[in-house]
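Read off the chains here:
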Amino acid sequence: MSKFSPGKLMTAFFVFFFPILIYLGSWQVIRGLEKKDIVDQHYQNKSLPVINESDLPLIEGDKLTYRTINLQGEFGSESYLLDNRLYKQEAGYEVFTTFETSEKQLFLVNRGWISKESFDYEVDIKTEDSGISIQGVLSPFTRFGLNLTDETYEPGWPKLVQQIDYEAAVRDLGIDLDSFVLQLSAGSVGALEPVWKPVDLKPSRHYGYALQWFGLAAVLISSFFYYGFKKD
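Caption draft 1: Just the pairing of strand 3 (residues 90–101), in detail. In terms of burial, strand 3 is a largely internal element, nine of the twelve residues being buried. The pairing of strand 2 (residues 68–87) with strand 3 spans ten bridges and is antiparallel. Within strand 3, the residue paired with leucine 81 across the bridge is valine 95. The turn linking strand 2 back onto strand 3 is made up of two residues, and lysine 88 within it adopts a positive phi angle of 55 degrees.

This is the structure we're talking about:
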């Protein structure tokens, strides 16, 4: 029987890369499970009865996530145009506009996607109606878009931005915002093309990535033993 002797170089290569591949595969599994919980919560809470603003103090914060709500009030003049948003292979913006309710609560509303082609703010997205009723899904106000550098919002409205997060929006507006973003329903006043999803990648995608990393780990360990036992 051949003696197992992979050599120092191959052993060092295996010891360095094998734990990394296992870690990456495990991380993707964990991310998949987290996304599954989010998707399950979204569908479960979205199916519950529609609530009104008066119901908000009666429901615990974490149970409000992905609930459908009716709001009465009016859109503000402040809109963020989230850049680099592709829909059906076409470039456009996701439009986030402030909405002040009849009870003086301020929400940021994701009104949906609009094409950059022939975009006209005054015609396409500006709305001055008051006393309107809108409906949408409450989603956590975390971060929308991605900017690898610290972004400073320019004065004036609307604002073209690469990223929107809660703390930056509060600083920019100079007023407290609700900690949820309202994802506007398609039939509501001021709605554009709805493109929001509770997760960017489905759990199955993460599981697929995990399988790839574990597959590479299996190839590496097989090659390690093959290399160690093969004849000179």
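Caption draft 2: Up close: the pattern of salt bridges. Counted according to the given criterion, the structure contains six salt bridges. For arginine 85, the salt bridge is made with glutamate 94, and the minimal N-O distance between the two is 2.9 Å. Accessibility expressed as a relative area gives 24% for arginine 85, which makes it partly exposed. According to the relative accessible area criterion, glutamate 94 is buried, its value standing at 6%. Between lysine 104 and glutamate 100 there is a salt bridge whose closest N-O contact spans 4.0 Å. Residue class for lysine 104 comes out exposed when judged on its relative accessible area of 65%.

Caption draft 3: Structural detail: the environment of isoleucine 20. Secondary-structure assignment places isoleucine 20 in helix 1 (residues 8–46). Using a relative accessible area of 35% as the deciding quantity, one classes isoleucine 20 as partly exposed.

What counts as what
Residues numbered from 1 in each chain as written. Predicted model: local features only at pLDDT ≥ 70, side-chain atom pairs only at ≥ 80, totals over all residues. Heavy atoms only, no water. Buried < 20%, exposed > 50% of the residue type's maximum accessible area, 1.4 Å probe, protein only. Helix = DSSP H or I, 4+ residues; strand = E, 2+ residues; numbered from the N terminus. Pairing = 2+ DSSP bridges. Salt bridge = Lys/Arg side-chain N within 4 Å of Asp/Glu carboxyl O.

By themselves, these are just geometric observations and shouldn't be taken as functional.
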